[in-house]
Amino acid sequence: MPGYVIGNFFVYSVINAFTPGPGNILALNTVTNYGWRKGNPLFLGIFAGYYVVQLICAVFVYGVSTFLPGVLGVMKYAGAAYILWLAIHIALSRPDGDSSEKSASFWKGFMLQFVYRKSTYLALLL
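Quantities reported herein were computed from a predicted structural model and do not represent experimental measurements. (Residues numbered from 1 in each chain as written. Predicted model: local features only at pLDDT ≥ 70, side-chain atom pairs only at ≥ 80, totals over all residues. Heavy atoms only, no water.)

1. Here's the deal with the overall build of the chain
- Per the secondary structure count, the chain includes 6 helices and 0 strands.
- Put simply, the chain runs from its N terminus to its C terminus through helices and strands in the order α-α-α-α-α-α.
- Across the 126 residues of the chain, 25% fall into the buried class.
- Excluding contacts between residues fewer than 6 apart, the proportion of contacts in the chain whose partners are at least 24 apart in sequence is 82%. (Helix = DSSP H or I, 4+ residues; strand = E, 2+ residues; numbered from the N terminus. Buried < 20%, exposed > 50% of the residue type's maximum accessible area, 1.4 Å probe, protein only. Contact = heavy atoms within 4.5 Å.)

The structure is reproduced here in C-alpha cells:
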C-alpha cells in the first residue's frame, strides 16, 4: 500500500472525529445534563471506540486491497448505497417518545461507535 494512503486515512480520521454525529451530540447532551465529571466516562468511551473502529477498518481495507483488489470497487458502491439507504431511513424516522433517564458510561459510548456505521462505511469509500 502506498504511504500516502496511510496519511490520507489519518487526516480523514482526525477530521471525522470532530464532525457532528451521534457520538458528538450524545457527549454534548450528557455533559450539558450531568456535567463534565459524570459525562467524562461516556466521552472517553466514545473516543476509544471511535479509534478502535477506525483501526479495524484500516486493517480490513488494507487486507481487501492486498488480497482481493477487484472487490474494493464493489465495496465502494455497496457502501455508498448503504449510506443512502441509511440517510433515507433517518430522514423518515420518528422519535420513540421514551423520555426515561439513562446513565452515561464508558461502555455505552464505546459501543455506540460499533453500532453507528457512518465512520466505518465512509472510511471504506476512501
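2. Examining the environment of Ser13
- Structurally, Ser13 is set in helix H1 (residues 3-18).
- In the structure, Ser13 is positioned 42 residues away from Leu55 in sequence and 9.7 Å away in space, judged by C-alpha atoms.
- Ignoring sequence-local partners within four residues, the contact set of Ser13 consists of Tyr50, Tyr51 and Gln54.

3. Some remarks on a nonpolar patch on the surface
- Nonpolar side chains collect at one region of the surface, where Phe10, Val11, Val14, Ile15, Phe18, Phe47 and Tyr51 lie side by side and expose about 720 Å² of accessible area between them.
- Looking at which element gives the most residues to the nonpolar patch, the answer is H1, with 5 residues. (Patch = residues over 30% accessible without salt bridge, like charges linked within 9 Å, V, L, I, M, F, W, Y side chains within 5 Å. Areas by Shrake-Rupley, 256 points an atom, 1.4 Å probe, with all protein chains shown as cover. Salt bridge = Lys/Arg side-chain N within 4 Å of Asp/Glu carboxyl O.)

4. Remarks on the packing of helix H2 (residues 22-34) against helix H3 (residues 36-67)
- Relative orientation of the contacting elements H2 and H3 amounts to 165 degrees, with a least axis distance of 8 Å. By the criterion of interaxial angle, the relationship of H2 to H3 is roughly antiparallel. Crossing geometry of H2 relative to H3 is assigned as right-handed. Here Gly23, Leu26, Ala27, Thr30, Val31 and Tyr34 of H2 lie close against H3, whose contacting residues are Trp36, Lys38, Gly39, Leu42, Phe43 and Ile46.
- Here the contact of H2 with H3 is composed, by residue class, of 8 nonpolar, 3 polar and 1 charged. (Axes fitted to C-alpha atoms, helices over the stretch in contact; angles between N-to-C directions. Parallel < 35°, antiparallel > 145°, perpendicular 65-115°, else oblique. Left-handed = near helix turned anticlockwise from the far one by under 90°. Nonpolar A, V, L, I, M, F, W, Y, C, P; charged D, E, K, R; others polar.)

5. A word on the packing of H3 against helix H4 (residues 69-92)
- At a minimum axis separation of 5 Å, H3 and H4 run at an interaxial angle of 130 degrees. As judged from the angle between their axes, H3 and H4 are oblique. Residues Phe60, Val61, Val64, Ser65, Thr66 and Phe67 of H3 pack against Pro69, Val71, Leu72 and Met75 of H4.
- Its residues assigned to classes, the contact of H3 with H4 shows 8 nonpolar, 2 polar and no charged.

6. A word on the packing of aromatic side chains
- Per the stated rule, a full pass over the model turns up 4 aromatic pairs.
- Here a set of aromatic residues connected by ring pairs shows up, and it is made of Phe47, Tyr50 and Tyr51. (Phe/Tyr/Trp six-rings, centres within 6.5 Å; stacked < 30°, edge-to-face > 60°.)

7. Examining the environment of Tyr12
- Positionally, Tyr12 belongs in helix H1.
- Residue Tyr12 is classed as buried on the basis of its relative accessible area of 15%.
- As a C-alpha pair, Tyr12 and Gln54 span 42 residues in sequence and 9.9 Å in three-dimensional space.

8. Quick notes on the confidence of the model for the chain
- The pLDDT averaged across the chain works out to 75; a share of 80% of its residues lies at or above 70.
- Averaged pLDDT values over the elements of the chain bottom out at 51 in helix H6 (residues 118-124) and peak at 83 in H3. (pLDDT = per-residue confidence, 0-100.)

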